[in-house]
Amino acid sequence: MIINFNQLPLIRDLHKNSRIVFGGGVYDLLHSGHTQGLTFRKSLGDILVCGLVSDERASTRKRIPVRNEQDRLLVLNQFRDIDYTFIMPLPISDISPTLQAIKALRPDIYVEYIDNKYRWSNEDHTYLNSLGTKLIFDTQPKMNSTTAIIATIKQNYYSSNQ
């Protein structure tokens, strides 16, 4: 179900006796690595909430997404493992969109890709603990990446058109 950021606290109220898992990503060109990660997250709890990185935020971190956020949100909403999905807010001063969402939702578990382990400071860990949220790193080997898919497309396109 597609929701907006302001509805996150309602999820905790609706699912008081359920284990809520939260994670996020850009989910631009969906591939097997995405499905593997979503299945892993869902296996950790009863309710999976997935935050979608906005176009504006994604373009400042990696690159401009191929597909716009509304399209990515609609496609992500079709995954059976995802119970709720929303577009993440932009950072507010020094509070990341992820921490804003965790504060609003208060999930039991937040899942982060192991590649991002060093982005989490001791203060972040303390903050998560104060909210009752356990941080789990997804250590599964990466099966694919959108960046690699785009590079392959470019290489195959340019080599066949020369």
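Note that the coordinates shown come from a computational prediction; the quantities given were computed from them, not determined experimentally. (Residues numbered from 1 in each chain as written. Predicted model: local features only at pLDDT ≥ 70, side-chain atom pairs only at ≥ 80, totals over all residues. Heavy atoms only, no water.)

### A closer look at the overall build of the chain
Part 1 of the argument: If you tally the helices and strands in the chain, you get seven helices and five strands.
Part 2 of the argument: Along its sequence from the N terminus, the chain presents helices and strands in the succession α-β-α-β-α-α-β-α-β-α-β-α.
Part 3 of the argument: Taken across its 162 residues, the chain has 41% of its residues classed as buried.
Part 4 of the argument: Put simply, the chain shows about 9,300 Å² of open surface, and 53% of that area lies on carbon and sulfur atoms. (Helix = DSSP H or I, 4+ residues; strand = E, 2+ residues; numbered from the N terminus. Buried < 20%, exposed > 50% of the residue type's maximum accessible area, 1.4 Å probe, protein only. Areas by Shrake-Rupley, 256 points an atom, 1.4 Å probe, with all protein chains shown as cover.)

### What about the pairing of strand S4 (residues 109-113)?
Part 1 of the argument: Across the five residues that make up S4, a large majority, four, are buried.
Part 2 of the argument: One ladder, built from two bridges, connects strand S1 (residues 20-25) with S4; its direction is parallel. Of the residues in S4, the one forming a bridge with Phe22 is Tyr110.
Part 3 of the argument: Sheet analysis places S4 next to strand S5 (residues 134-138), joined by five bridges and oriented parallel. Paired with Glu112 across the two strands is Phe137, which belongs to S5. (Pairing = 2+ DSSP bridges.)

### Details of the pattern of salt bridges
Part 1 of the argument: Counted by the stated rule, this structure contains four salt bridges.
Part 2 of the argument: Measuring nitrogen to oxygen at the nearest pair gives 3.0 Å for the salt bridge that ties Arg12 to Asp108. Placement of Arg12 in helix H1 (residues 8-14) and of Asp108 in the loop between helix H5 (97-105) and S4 is noted, with a sequence separation of 96 residues between them.
Part 3 of the argument: The closest approach of N and O atoms between Lys42 and Asp83, which form a salt bridge, is 2.5 Å. Of this pair, Lys42 sits in helix H2 (residues 32-43) while Asp83 sits in the loop between helix H4 (69-76) and strand S3 (84-87), placing them 41 residues apart in sequence.
Part 4 of the argument: Note on Asp83: relative accessible area 24%, which makes it partly exposed. (Salt bridge = Lys/Arg side-chain N within 4 Å of Asp/Glu carboxyl O.)

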